[in-house]
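# Remarks on the overall topology
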Amino acid sequence: MSQERIFDRRRSASVARRGHVHAIDRDAFLRRWSLLMIASFSTREECAVYFDVTYQTSCNWFDGLCRPYGDIVDHAVATLPRYAEIMQGR
């Protein structure tokens with residue numbers, strides 16, 4: 001029987017579960033972000049220009065396929081008037 005390695009950096013299953021107790025609901029964020037994009041911009045092109053991203057990225061946001069980086073979210077918080085209403089579910 002082999003001995004347990006003293007300096008094993010892998011996390012046990014119980015530690016991994018405890019680490020995800022406060023995890024963000026990523027699917028809910030994707031749905032709300034998609035709704036925010038649809039409510040804030042009349043076209044996907046307008047959204048792409050506004051955030052200085054590719055047209056494909058804008059399409060992915062509208063379709064709820066990917067999340068934005070933090071700097072994009074920060075820009076949205078500061079400039080989109082319906083951000084709080086939509087993202088907080090009011």
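Here's what I pulled together on the structure shown here.

Cut-off values and rules
- Residues numbered from 1 in each chain as written.
- Predicted model: local features only at pLDDT ≥ 70, side-chain atom pairs only at ≥ 80, totals over all residues.
- Heavy atoms only, no water.
- Buried < 20%, exposed > 50% of the residue type's maximum accessible area, 1.4 Å probe, protein only.
- Helix = DSSP H or I, 4+ residues; strand = E, 2+ residues; numbered from the N terminus.
- Contact = heavy atoms within 4.5 Å.
- Salt bridge = Lys/Arg side-chain N within 4 Å of Asp/Glu carboxyl O.
- Polar contact = N/O pair within 3.5 Å; in protein donor to acceptor, adjacent residues only side chain to side chain.

### Points about helix 4 (residues 55-63)
Among the residues making up helix 4, those that are buried are Ser58, Cys59, Asn60, Trp61 and Phe62. Its buried side turned inward, helix 4 meets helix 2 (26-40), helix 3 (44-51) and helix 5 (70-79).

### Quick look at the pattern of salt bridges
Applying the stated rule across the entire model yields two salt bridges. The residue Arg44 makes a salt bridge to Asp63 at a minimum N-O spacing of 2.9 Å. Here Arg44, found in helix 3, pairs with Asp63, found in helix 4; they are 19 residues apart in sequence, far enough to count as distant. Two residues, Arg82 and Glu85, come together in a salt bridge whose shortest N-O distance is 3.1 Å. By relative accessible area, Arg82 is classed as partly exposed at 36%.

### Quick look at the side chain of Ser58
In this structure, Ser58 sits in helix 4. Given a relative accessible area of 0%, Ser58 falls into the buried group. Within the structure, Ser58 has its side chain in polar contact with the backbone oxygen of Arg44 (distance 2.7 Å). Ignoring sequence-local partners within four residues, the contact set of Ser58 consists of Arg44, Cys47, Ala48 and Val53.

### Some thoughts on unusual backbone geometry
In this model, Asp52 sits at a positive phi of 55 degrees, which is unusual for a non-glycine residue. Locating Asp52 in the fold gives a position in the loop between helix 3 and helix 4. Here Asp52 falls in the exposed class, since its relative accessible area comes to 69%.

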